[in-house]
Each structure stands twice: as C-alpha cells, then as structure tokens.
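Structural features, examined
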Amino acid sequence: MMGRPVLVLSQNMKRESGRKVQTGNISAAKTIADVIRTCLGPRAMMKMLLDPMGGIVMTNDGNAILREIQVQHPAAKSMIEISRTQDEEVGDGTTSVIILAGEMLSVAEQFLEQQMHPTVVISAYRQALDDMLNMLKEISTPVDPNDRDIMLKIINSAINTKALSRWSSLACNIALDAVRTVELEDNGRKEIDIKKYAKVEKVPGGIIEDSCVLKGVMVNKDVTHPRMRRLIKNPRIVLLDCSLEYKKGESQTDIEITREEDFAKILQMEEEYIQQICEDIIRLKPDLVFTEKGISDLAQHYLMKANITAIRRIRKTDNNRIARACGARIASRTDELREEDVGTGAGLFEVKKIGDEYFTFVTECKDPKACTILLRGASKEILAEVERNLQDAMQVCRNVLLDPYLLPGGGAVEMAVSHRLTERSRALTGVEQWPYRAVAQALEVIPRTLIQNCGASTIRVLTSLRAKHTQEGSTSWGVNGETGTLADMADLGIWEPLAVKAQTYKTAVETAILLLRIDDIVSGHKKKGEKGEEQPGAE
C-alpha cells in the first residue's frame, strides 16, 4: 500500500496553507505599513526612492512611495493596490489607509492564534465597519462650501502634512481657485473634472512664490511665423483640429504627367486649396488660430497677410481647455466655421519667454471653465512633489464641494469612533465582541503614529486623550501633530472631508477582511533559488 507519494501538483509548485499563510500575509501587510508609518502627519519624514531608470522621487505621499516599491509577496501587492484606489477615489488619506489596514490585520493575529475561525473575525469586522460609518455621519458637521475661510482651512489641513506646508496659504488659494474655476453645474449635478481641465504646468526656475493660477490657459508653444503678433488684446480665437496644409493621400499615390502644364496645374491646385482654406478662416476675421495639426508655409503666409497669429500642433487636451476657457468651439473643417465658433471670452493673448522656452498665454478670460496652474520651483524633484501635493489639495477641495460634510482631523475622529465602538462592544454577546473591540483598538494607531512622529511620549498622551474622549462633547479633541500635545481640533481649524474618512475606513477594513480570507497560496512559477516566504522583498 505505502508506495511512492502521489504527486498532484507539478514539481516546481509551492503550496502553503493554513496558519502559515495567514501569519505570512499579516506580516507582509505590517511590513508595508511600517515603510509608510513615518509619513503621517505634519511632522512627516520624506522618503527618497530611486526608480529603475535612475530617476529620483522624493515624497511623503503614501501612494507615490508605494508605486515605486517593487514587492514580491502577493499580500503586499494588494496593500499597494489599496493606496492607489484611495488616491483615485478621493485623492487624500493614502498613508492612513495603509497604516489602518496593517493595524487591522495585526490585531486579528492574536485571534487566529487562539484558534478563532477567520470568518468570525470577518463578521465582527463587517459589523464594526457599518457602525463606524454611521458614527462618522453622527460626528460630522455640515459646511457651507461658499465660505472661503473654512474651505481654506480644510485644504490647509491636507497640505500641512506635505512638503508644501511652508507655502500653505499660497497653495490653498491656488487649489481652491483652480477647483472653483473648473466647477460646472449641469442640471443640478455638479461636475468637477480636475484631471482634464485644471492642468499643472511645471516650469523649473524662479521661486515657489511665483506660482499662480492663470485665468485661462498656457501652452508650451511659440507662434509659427516670426512676424506674427505676439501680444493681442481681446483676441477672437478660432480652434481647429484639421491641418492647414495640402492633404496628401493616405496611401502612396503616383501621378503620371505627360504635359508640363499639368505639373504647374497640380501645383496651382495645391496652392488654391490652401488659399481656399485660409480664406474660410479669414472670412471670420479672427486674430488667433490654434490647430492641432500642421500649418504649411503658404498657409502661414496667407494668415500673416491677414494679420492673424497662428499656433500649430497643440495637444488635443490643451485645445479642449482653450475652448472651455474662452468659449470657442473646436471646428473640424474650415468650410464649416461659423461666427458662433469664434471664442471672444479671452482678454489677452501673449507669448512670453520663461527660462529658455516660449509659452503662449491665453489669459484674463471672462468666465473661464478651465485653467492652468503655473508652478515654479528650483528643481524638477521639488516641482514633482509640489504637483503631487497640489493634486491632493484639489481633490480634497473637490470632495468637500461634492459632499459638504466635515470631520475633525488629527486623530480626533479615530479616538471618538474607537471610544464609541468600545461602548458598543459591551452590548455584544458571544465571541464576536473581541474582534469588534479589536477594531476599536486598531483605530488608535492613527493618533499614536501622530504622537510618535512628533517624538512625544506615546503612552502618556494616548492615555490622556482616551480619558478626554470619555467626557461628553469632546469628540473634536485630538493630537496636535506639530507638538504632540492634546488640542481641540475645532480651535486649530484642522478639518477633513467626510468622503475621505469614510473611504479610508471602508478600504482599510475591506482589505483586512480580504487578506484574512486567504488560507492557501499556490505559487507555480520557477524561482531562481528558494526565497523566504514570509517577508515581501521590499527592494
């Protein structure tokens, strides 16, 4: 009977199951959380990453760090995914989400060691998540999105933890103006598309204080012909996405010519075609023509004679932005140009030289629905980091405009929710109350990390904060991230949008649930040398 062992999986398959996998997943998640732990709060440290191309990324944005790290462990990969989700959904809270998820898993570890079944832990987590979201609704306060001061405070608390905090007032105003500009109300539905219509243009050189939001659009192009006007007040703008040159056939075409006059005739036809196109444009008497394709020399000549400035080969996205800014419509064919396609909303067109490149500005628009944020700074790395921070700030601003509810920041919400969860857990019976209570403990990781990053005494401050939250009406007390002492967040003016917090909790708890569900890993690709299973290879 006892013959050779039966091989079901092929030779180079590796299978781990049961407890070993769960502890492996938990330790992977903890490792990822530890990488980012110091990046939380106003006293956050920066990380410097070398990407494979040899470029440098300096940042303390959770998502940007994890994007660059290569990991091997599957659980670590899913942790990295959640910070990306958080970034795409609400744009802020990427660091907190990882720390929370890591903590949720590490508090679950003890239950698994006590032979509690993962599904029991999971159902307790589910219930805790529902209660948490309801509590957030209770704690939150509505806000008037038209009140500029409050909006600036909210954005400020998003920027304060970033490298931009020195120029926070400047950055807050930039973010708020940009979001306000691209805000559109359509049939009572608000649409705020930052990605398409608020373009960040980075120009190295100058100082950060020179950055501003343009009331219009900037394109990295120069005029096509040196004798065209570089400065036009109140220009009439025509936008095209067709080329102003003779159309060549798609495939190779051969023309056989027998008589010499025919050749002249063909050339004449080409010229007449271009002349016809230019006349179609000149008929509208524009001052400016933007096209996404090329403009031939002859077309430039005709346009210049009519005193029209032409700019060619601009990006499609830039064209859309100019259209939104000055109210023009993009025409695909010149013979279809109408008077209403001309944009007259811009107040000024000029070409400036910044550094060693020429930039075209279409500014002073009357009611722009698109804008360009011009960033200046010392080096590329600084600009990249400033851009990331601004993106976060604009996302936060957008969240508040779409869902105008606020929560106190600085770990106050976590403590308040944690306190209430502990209260609720006393009413529960059976085994589930322990994991439920563990969620409450896990939430304390946010204020604890804030205290650690300031270098204050963790245990002392946390205990007094816990005591503070047992009193009535002190839900807005949290940790002052600068000094590591207790403070009322309402006085400090540190607020966070409800959307960000709710998304953070949802993502963190759901990831913890997902990773607890896994009890078997079968990996089947050939490895050069055996690797250690537990640790993710964080290179």
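Numbers given for residues are sequential positions, taken from 1 along each chain in its written order. This being a predicted model, a pLDDT of at least 70 is required before a residue's local features are given, and a value of 80 or more before pairs of side-chain atoms are given or counted; all residues contribute to the totals for chains, interfaces and linings. The basis for every side-chain value is the complete set of heavy atoms in the structure, and neither hydrogens nor water enter the calculation.

**Things to note about the overall build of the protein**
Of the regular secondary structure elements, the protein holds 18 helices and 22 strands. With the C-alpha coordinates aligned to their principal axes, the bounding extent of the protein is approximately 95 × 75 × 45 Å. Burial classes: relative accessible area under 20% of the type maximum marks a residue as buried, over 50% as exposed, and values in between as partly exposed (1.4 Å probe, protein chains only). A buried classification covers 50% of the 539 residues belonging to the protein. Contacts were defined at the residue level, with two residues in contact if any of their heavy atoms lie within 4.5 Å. Taking the intrachain contacts of the protein between residues at least 6 apart in sequence as the baseline, contacts between residues at least 24 apart amount to 75%. For the protein, the accessible surface area stands at approximately 26500 Å², while carbon and sulfur atoms represent 49% of it. In the protein, the 72 positive side-chain charges and the 77 negative ones have mean positions that sit 2 Å from each other. In this description a helix means any DSSP run of H or I spanning at least four residues, a strand means any run of E spanning at least two, and both kinds are numbered starting from the N terminus. Computed by Shrake-Rupley with a 1.4 Å probe, the accessible areas treat only the displayed protein chains as cover when residues are assessed. His is not counted, nor are the chain ends, whereas Lys and Arg count as positive and Asp and Glu as negative. Note on charges: their place is set at NZ of Lys, CZ of Arg, CG of Asp or CD of Glu.

**Quick word on the nonpolar core**
Only buried residues count toward a nonpolar core, which is a set of Ala, Val, Leu, Ile, Met, Phe, Trp, Tyr and Cys residues joined through side-chain atoms within 4.5 Å. Formed by 70 residues in total, the largest nonpolar core has its most connected members in Met-104, Tyr-125, Met-132, Leu-136, Val-417 and Leu-421. Among the elements that line this core, the one with the most residues is helix H4 (residues 94-113), at 11 residues. Excluding residues within four positions of it along the chain, Met-104 makes contact with Tyr-125, Val-439, Ala-442, Leu-443, Val-509 and Ala-512.

**Some words on a nonpolar patch on the surface**
A patch consists of residues exposed above 30% relative accessible area that lack any salt bridge, with like charges linked at up to 9 Å and nonpolar side chains (Val, Leu, Ile, Met, Phe, Trp, Tyr) linked at up to 5 Å. Here a salt bridge means any side-chain nitrogen of Lys or Arg lying within 4 Å of a carboxyl oxygen belonging to Asp or Glu. Side chains of Met-46, Met-48, Leu-50, Ile-56 and Met-58 sit close together on the surface and give an oily, nonpolar patch of about 490 Å² of accessible area. At the level of elements, strand E2 (47-50) and strand E3 (56-59) are the ones that each hand at least two residues to the nonpolar patch.

**A few points about the pattern of salt bridges**
If you walk through the whole model with that rule in mind, you get 27 salt bridges. The salt bridge partner of Asp-222 is Arg-230, with a shortest N-O separation of 3.4 Å. The exposure class assigned to Arg-230 is partly exposed, which follows from its relative accessible area of 32%. Here Arg-259 and Glu-261 are joined by a salt bridge, their closest N and O atoms 3.2 Å apart. Accessibility expressed as a relative area gives 47% for Arg-259, which makes it partly exposed.

**Description of the sheet that holds strand E11 (residues 237-240)**
Spatial strand order, E13-E12-E11-E14: 4 strands in an open sheet with parallel pairing. A single partner strand is all that each edge strand has here, and the edge strands are strand E13 (309-311) and strand E14 (330-331). Pairing between strands is defined by DSSP: at least two bridges between them are needed. Of the pairings in the sheet, the one linking E11 to E14 comprises 2 bridges and is parallel in character. Bridging across to E14, Leu-239 finds its partner in Ile-330. Across the face of the sheet, helix H11 (residues 316-326) comes into contact with E11, strand E12 (288-291) and E14 while running at roughly 150° to E11. What counts as an axis is a line fitted to C-alpha atoms, over the stretch in contact for a helix, and the angles between N-to-C directions run from 0 to 180 degrees.

**Some points on unusual backbone geometry**
The bulk of non-glycine residues show a negative phi, and the bulk of peptide bonds are trans. Unlike most non-glycine residues, Asn-234 shows phi in positive territory, near 45°. Even without glycine at this site, Arg-313 takes up a positive phi of about 55°. Inspection of the secondary structure assignment puts Arg-313 in the loop between E13 and H11. Accessibility expressed as a relative area gives 47% for Arg-313, which makes it partly exposed.

**Examining helix H10 (residues 297-305)**
Taken together, the buried positions of H10 are occupied by Ala-299, Gln-300, Tyr-302, Leu-303 and Met-304. Buried positions along H10 lie against helix H9 (260-282) and E13. Positive phi appears at Asn-307, one or two residues downstream of H10, with a value of about 60°.

**Observations concerning the packing of aromatic side chains**
Geometrically, a pair of aromatic rings is defined through the distance of the ring centres and the angle of the planes. In this scheme Phe, Tyr and Trp rings, the latter by its six-membered ring, pair at centre separations within 6.5 Å, and the angle between planes marks the pair as stacked below 30 degrees, edge-to-face above 60, and tilted otherwise. Applying the stated criterion across every chain, the model contains 0 aromatic pairs. The lysine or arginine in question, Lys-352, covers the ring of Phe-361, its NZ or CZ lying 4.8 Å from the ring centre. Whether a charge sits over a ring depends on NZ of Lys or CZ of Arg being within 6 Å of the ring centre and within 35 degrees of the ring normal. Sitting over the face of the ring of Trp-477, Lys-468 holds its NZ or CZ atom 4.3 Å from the ring centroid.

**A few points about the sheet that holds strand E8 (residues 212-214)**
As summarised here, the arrangement of the 3 strands in space is E7-E17-E8, forming an open sheet in which the pairing is mixed. In this open sheet, the two edge strands, each paired with only one partner strand, are strand E7 (198-204) and E8. Within the sheet, the average angular offset between the axes of one strand and its neighbour, ignoring direction, is 25°.

**Details of the confidence of the model for the protein**
On a scale of 0 to 100, pLDDT captures the predictor's confidence in every residue. For the protein, mean pLDDT is 80; residues scoring 70 or higher make up 94% of the total. Per-element averaging of pLDDT across the protein places strand E6 (residues 189-192) at the bottom with 73 and helix H5 (residues 118-139) at the top with 88. Note on residues 529-539: pLDDT under 50 across the span, and 23 contacts to partners over four residues away in sequence or across chains.

**Section: the environment of Leu-129**
Within the element layout of this structure, Leu-129 appears in helix H5. For Leu-129, a relative accessible area of 7% translates into the label buried. If near-sequence neighbours (up to four positions away) are discounted, Leu-129 is found in contact with Tyr-505, Lys-506, Val-509 and Glu-510.

**Some thoughts on the packing of helix H6 (residues 148-159) against helix H12 (residues 380-402)**
For the pair H6 and H12, interaxial distance at closest approach is 9 Å and the crossing angle is 140°. With respect to H12, the axis of H6 lies oblique. The two elements H6 and H12 meet at a crossing, and its hand is right-handed. Of H12, the residues touching H6 (which contributes Met-151, Ile-154, Ile-155, Ala-158 and Ile-159) are Ala-393, Val-396, Cys-397, Val-400 and Leu-401. All residues other than Ala, Val, Leu, Ile, Met, Phe, Trp, Tyr, Cys, Pro, Asp, Glu, Lys and Arg, Gly among them, are scored as polar; the first ten of these are nonpolar and the last four charged. Taken together, the residues of the contact of H6 with H12 sort by class into 10 nonpolar, no polar and no charged. Angle categories are assigned with fixed cut-offs, so that under 35 degrees is roughly parallel, over 145 is roughly antiparallel, 65 to 115 is roughly perpendicular, and the rest are oblique. Working rule for handedness: look at the near helix, and if it is turned counterclockwise from the far one by less than a right angle, call the crossing left-handed; if clockwise, right-handed.

**What about the side chain of Glu-444?**
Along the chain, Glu-444 turns up in the loop between helix H14 (433-443) and helix H15 (445-454). On the basis of relative accessibility, which here comes to 9%, the residue Glu-444 falls in the buried class. Here Glu-444 is in contact with Met-415, Ser-418, Leu-462 and Arg-466, once residues within four sequence places are set aside.

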